[in-house]
Amino acid sequence: MSNRRTRRAARILLLDEHDRLLLIRFAPKDRRPFWCGVGGECDPGEDFALAAVRELYEETGLVVEHCGPEVARRADDYLTLEGEPITSDERFFRVRTTSFTPDTSGHTAIERELIKEFRWFTRAELANWHEPLFPVNLLELLDLEAPA
């Protein structure tokens, strides 16, 4: 029997007008730096789509009325940045915008400590990046269409 909590999270595939993906570089003290997209845990009672809108604003300052289509779902076991072992239940939403510099004023204390950089990545850069990208199938997720 697992003592892992299920952690519901919304993830955003945020693409600009040049088809570049915005990723965030995290540099925790206990593991190698890595990159992942905007997103985070759903608040209690919050659905995935609303969490995506909220996380997008909190992490980047971008205001949208609703996120794009849900294009993928993913589950995995891993350690959160706080060191908690969880089973994730993640939903991925595609959002298109124009390129901008993220506003970090809405970051939590742990985000201010761990987030070191934002970067807009081309697909070629993603395919050959020298640091870990999460999820590992990020390029495949970019090619998915929303279910009909």
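This text follows the structure it describes.
Every value quoted in this text rests on a predicted model; they were computed, and no experiment measured them. (Residues numbered from 1 in each chain as written. Predicted model: local features only at pLDDT ≥ 70, side-chain atom pairs only at ≥ 80, totals over all residues. Heavy atoms only, no water.)

Caption draft 1: Spatial organisation of the overall build of the chain. Along the backbone of the chain there are 4 helices and 8 strands. Each helix (α) and strand (β) of the chain, taken in turn from the N terminus, gives the series β-β-β-β-α-β-β-α-β-α-β-α. Taken over the C-alpha trace, the chain has a radius of gyration of 15 Å; the compact-globule value for 148 residues is 15 Å, and the two agree within 12%. Counting only residues that meet the buried cut, the chain has 44% of its 148 residues in that class. Intrachain contacts of the chain at a sequence separation of at least 6 include 68% that bridge at least 24 residues. In the form shown here, the chain has an accessible surface area of approximately 8,200 Å², with 52% of it arising from carbon and sulfur atoms. Averaging the positions of the 20 positive and the 28 negative side-chain charges in the chain gives two centres separated by 3 Å. (Helix = DSSP H or I, 4+ residues; strand = E, 2+ residues; numbered from the N terminus. Rg over C-alpha atoms; globule rule 2.2 N^0.38 Å. Buried < 20%, exposed > 50% of the residue type's maximum accessible area, 1.4 Å probe, protein only. Contact = heavy atoms within 4.5 Å. Areas by Shrake-Rupley, 256 points an atom, 1.4 Å probe, with all protein chains shown as cover. Lys, Arg positive; Asp, Glu negative; His and termini not counted. Charge placed at Lys NZ, Arg CZ, Asp CG, Glu CD.)

Caption draft 2: Inspection of the state of the cysteines at higher detail. One pass over the structure, following the stated rule, counts 0 disulfides. This cysteine, Cys42, is not joined by any disulfide, and Cys67 carries the nearest cysteine sulfur, 11 Å off. With relative accessibility at 8%, the residue Cys42 sits in the buried group. (Disulfide = S-S within 2.5 Å.)

Caption draft 3: Examining the packing of aromatic side chains more closely. Here the structure, examined in full by the defined rule, presents 6 aromatic pairs. Both rings, one in Phe100 and one in Trp120, keep their centres 5.7 Å apart while their planes meet at 75°; by these two values the pair is edge-to-face. Of the two residues, Phe100 sits in the loop between β6 (85-96) and α2 (109-114) while Trp120 sits in strand β7 (residues 115-121), which places them 20 residues apart along the sequence. As far as the burial class goes, Phe100 and Trp120 line up, both buried. (Phe/Tyr/Trp six-rings, centres within 6.5 Å; stacked < 30°, edge-to-face > 60°.)

Caption draft 4: Broad picture of the nonpolar core. Judged by nonpolar contacts, the single largest core of 24 residues is most densely connected at Ile12, Leu14, Phe26, Leu56 and Cys67. Elements with a minimum of two residues in this core: β1 (5-15), β2 (21-26), β3 (34-36), α1 (48-60), β6 and β7. Per-element tally for this core: the top contributor is α1, with 5 residues. Excluding residues that lie within four positions of it along the chain, Leu14 makes contacts with Arg20, Leu21, Leu22, Leu56, Leu62, Val95, Thr97, Phe100 and Trp120. The next biggest cluster of nonpolar side chains, apart from the first, holds 14 residues, and it includes Leu21, Phe92, Phe121 and Leu138. (Core = buried A, V, L, I, M, F, W, Y, C linked by side-chain atoms within 4.5 Å.)

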